[in-house]
Amino acid sequence: MAAAVELDRIDKTYGTTATLRAASLDVQPGEFMTLVGPSGCGKSTLLRIIAGLLPQSGGEVRIDGQCVDHLPPKARDIAMVFQSYALYPHMSVAENIATPLKVRHLPRLARMPGIGRLMPGQSANRQAISDKVRKTAELVEIDGLLDRRPAALSGGQRQRVALARAIIRDPQVFLMDEPLSNLDARLRVTMRAEITALHRRLGATFIYVTHDQTEAMTMSSRVAVMMDGGIVQCGTPQALYDAPEDIRVARFIGSPEINVVASDEVIGWGAEAVGLSGLLQRPLQMAFRPEALRLGTDLAALRLRARIERSERLGHDVLLFLRTTVEGSMLTARLTAAEFTALSAPDGELTFSLRPADLLAFGADGKRLHLPGLGTPSVREVAHVG
Ligand code: ADP
Ligand code: MG
């Protein structure tokens, strides 16, 4: 089961500080939506408001079209997974996973140790819970660990227990707040894939919070970029990468970071010759991805000279950290290792080309300007296919 989640101009103020400012977002039923943004931008606050753990100062939260602002967390049909797994140390894995069901289905007295067994009519219920615990544990591959205590588990295994405890409630909406940030890099990559697979299997709505743009890009159907308490842009990972509408989104999405230079410098790269001079009359910030810089000249492209200050080999690719000859700006380029090895004089000045379609223009307010001939990488994609 999956529900739509709508955030309608959510505000949150602490004293005089506005932590959230009119944050709006429509999450479709069954979607994997990621909220990504730098630390402190308000992601956890927004997630806690959706869960009902924190009241907002203004705006409305709707689940399946119904306002839930008056409902306590338990009545919202939501499960939340945190960065700290918050497992009960004195309980086994099985008991930890079963907790949400016991809270829901067994009367208070029957949950007390020793007493439950003496109460009539509870044994069928217990069997049903234990079956469901086993099934859920299988889903996240910890069915061999059910008798262990959390202390005897690795970080990744504990995270799986926390996931199982959320799954067993069969909620319409899963909220996850940086659930992988305590794991080492290799395990994070594995768990990323597992959480996306889990999302497909469960079909529920996922709202996932992370400060890590790679996680956001690799896991999500759509990504909402948050800055300073507001949602700046929401779109597919590819749309955010190719067509950021705000310079902060352009800089936050993509690794290594997008190149940004003043339009004056771009004029010096031969903007007039490629028909761009008219576009560059006012001071703009011009941005382009590292892979948009190509070695050598190209008649239809801008042309610039730069020296390699530093290089980083990534295996198949090499990152070049360049300083431009005229203005001395720092740029990043991404070449294949073969291209890099083939350079005859890597210490000298090199010529790079840059196609106008790979350039994005941003005004003084940081908002994207849609100028003719710029920022149309889709044209290039079509050309590749043909
Ligand atoms: P994120 O999860 O994106 O890192 P948070 O939602 O945790 O950000 O916090 C957003 C901002 O709200 C931070 O600047 C934080 O200091 C502030 N904040 C969070 N909780 C409180 C609180 N109880 N009182 C005052 N300020 C708070
Ligand atoms: Mg947080």
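**Structural notes on the site of ligand 1**
Part 1: Neighbouring ligand 1 are Tyr14, Thr19, Pro38, Ser39, Gly40, Cys41, Gly42, Lys43, Ser44 and Thr45.
Part 2: Gly42 places a polar main-chain atom, nitrogen or oxygen, 3.0 Å from an oxygen atom of ligand 1.
Part 3: A distance of 2.9 Å is found between an oxygen atom of ligand 1 and a side-chain nitrogen or oxygen belonging to Lys43.
Part 4: Compared with its free state, where it exposes 570 Å², ligand 1 has 54% of that area covered by protein.
Part 5: Broken down by element, the shell around ligand 1 gets its largest block of residues, 3 residues, from helix 1 (residues 43–51).

**A word on unusual backbone geometry**
Part 1: Note the cis peptide between Ser255 and Pro256, where omega equals 0°.
Part 2: The backbone phi angle of Arg9 is positive, close to 50°, even though this residue is not glycine.
Part 3: By the element assignment, Arg9 lies in strand 1 (residues 5–14).
Part 4: Of note in the backbone geometry, Glu141 takes a positive phi value of approximately 55° without being a glycine.
Part 5: Its location among the elements puts Glu141 in the loop between helix 4 (123–139) and helix 5 (155–167).
Part 6: The exposure class assigned to Glu141 is exposed, which follows from its relative accessible area of 59%.

**A closer look at the nonpolar core**
Part 1: Counting 35 residues, the largest nonpolar core has Ile97, Ile142, Leu163, Phe174, Met176 and Ile195 as its most contacted members.
Part 2: Counting residues per element, the ones that place at least two in this core are strand 6 (78–81), helix 2 (93–105), helix 4, helix 5, strand 7 (173–177), helix 6 (185–202) and strand 8 (205–210).
Part 3: Broken down by element, this core gets its largest block of residues, 6 residues, from helix 5.
Part 4: Once you skip the residues sitting within four places of it in the chain, Phe174 turns out to touch Ala79, Ala166, Ile167, Leu202, Ala204, Thr205, Phe206 and Ile207.
Part 5: Core analysis: the next-biggest nonpolar cluster, separate from the first, contains 30 residues, Ala271, Ile308, Leu320 and Leu343 among them.

**Structural notes on the pattern of salt bridges**
Part 1: Scanning the entire structure with this criterion turns up 15 salt bridges.
Part 2: With its nearest N and O atoms 3.4 Å apart, the salt bridge here joins Arg62 to Glu6. Here Arg62, found in strand 4 (residues 58–63), pairs with Glu6, found in strand 1; they are 56 residues apart in sequence, far enough to count as distant.
Part 3: Glu60 is paired through a salt bridge with Arg62; the nearest N and O atoms lie 2.6 Å apart.
Part 4: Overall, Glu60 belongs to the partly exposed group, its relative accessible area being 28%.
Part 5: Here the salt bridges share partners, and the residues they tie into one network are Glu6, Asp8, Glu60 and Arg62.

**Topic: the state of the cysteines**
Part 1: Inspection of every chain in the model, using the stated rule, returns 0 disulfides.
Part 2: Looking at Cys41, it has no disulfide partner, and the nearest cysteine sulfur is the one in Cys234, 14 Å off.
Part 3: On the basis of relative accessibility, which here comes to 3%, the residue Cys41 falls in the buried class.

**Description of the sheet that holds strand 18 (residues 360–362)**
Part 1: Reading across the sheet, the 4 strands line up as 11-12-18-19 and stay open at both edges, with antiparallel pairing between neighbours. In the strand order of this sheet, the two ends are held by strand 11 (259–262) and strand 19 (368–369), each with one partner.

**Section: the domain arrangement of the chain**
Interfaces are frequently sized by the accessible area removed from exposure as the parts join.
Part 1: Split by domain assignment, the chain resolves into domain 1 (5–240) and domain 2 (257–375).
Part 2: Averaged C-alpha coordinates put domain 1 and domain 2 at centres separated by 42 Å.

**Describing the packing of aromatic side chains**
Part 1: Going through the model one piece at a time under the given rule, you end up with 4 aromatic pairs.
Part 2: Judged by centre distance (5.4 Å) and plane angle (40°), the rings of Phe32 and Phe206 are tilted. Taken together, the positions of Phe32 in strand 3 (residues 32–36) and Phe206 in strand 8 put the pair 174 residues apart, joining distant regions of the chain.
Part 3: Aromatic side chains Phe32 and Tyr208 sit 5.7 Å apart centroid to centroid with 45° between the ring planes, which places their arrangement in the tilted category. One end of the pair, Phe32, is in strand 3; the other, Tyr208, is in strand 8, and 176 residues separate them in sequence.
Part 4: When its relative accessible area of 1% is taken as the criterion, Phe32 is described as buried.

**Observations regarding helix 1**
Part 1: Counting buried residues in helix 1 gives 7 out of 9 residues, a clear majority hidden from the surface.
Part 2: Within the sequence span of helix 1, burial applies to Lys43, Thr45, Leu46, Leu47, Ile49, Ile50 and Ala51.

**Observations concerning the side chain of Asp177**
Part 1: Relative to the elements of secondary structure, Asp177 occurs in strand 7.
Part 2: No salt bridge is formed by the buried Asp177; its nearest oppositely charged neighbour, Arg48, is found at 6.5 Å.
Part 3: Of note is the side chain of Asp177, whose polar atom sits 2.7 Å from the side chain of Ser44.
Part 4: Apart from residues lying up to four places away in sequence, Asp177 is in contact with Ser44, Leu47, Met80, Val81, Phe82, Gln83 and Val209.

Quick notes on the rules
Within any chain, residue numbers begin from 1 and follow the written order of that chain's sequence. In the order they appear in the text, chains get letters beginning with A and ligands get numbers beginning with 1. Where totals are concerned, whole chains, interfaces and linings use all residues; where local detail is concerned, this predicted model gives features only for residues with pLDDT of at least 70, and gives and counts side-chain atom pairs only at 80 or more. The side-chain figures draw on all heavy atoms in the structure; neither hydrogens nor water molecules are used. Any residue with a non-hydrogen atom lying within 4 Å of a molecule or strand is treated as near it. Any pair of N or O atoms that falls within 3.5 Å is considered a polar contact. Within protein, one atom must be able to donate a hydrogen and the other to accept it, and sequence-neighbouring residues count only if both atoms are side-chain atoms. Exposure was quantified through the Shrake-Rupley algorithm and a 1.4 Å probe, taking into account, for residues, occlusion by the shown protein chains and nothing else. Secondary structure counts use DSSP, requiring at least four H or I residues in a row for a helix and at least two E residues in a row for a strand, with both numbered from the N terminus. The rule is simple: take the accessible area with a 1.4 Å probe, protein chains only, and divide by the maximum for that residue type; under 20% is buried, over 50% is exposed, in between is partly exposed. Take the buried Ala, Val, Leu, Ile, Met, Phe, Trp, Tyr and Cys residues and link them wherever side-chain atoms come within 4.5 Å; each set so joined is a nonpolar core. In what follows, residue pairs with any heavy atoms lying within 4.5 Å of each other are defined as contacts. A carboxyl oxygen of Asp or Glu within 4 Å of a side-chain nitrogen of Lys or Arg is what we treat as a salt bridge. Defined by distance alone, a disulfide is two cysteine sulfur atoms within 2.5 Å. Only strands that DSSP links by at least two bridges are regarded as paired with each other. Residue ranges for the domains originate in an automatic or database domain assignment. Whether two aromatic rings pair depends on their centres lying within 6.5 Å, for rings of Phe, Tyr and Trp, where Trp uses its six-membered ring; planes under 30 degrees apart make the pair stacked, over 60 edge-to-face, and the rest tilted. Under the convention used here, Asp and Glu are negative, Lys and Arg are positive, and both His and the chain ends fall outside the count.

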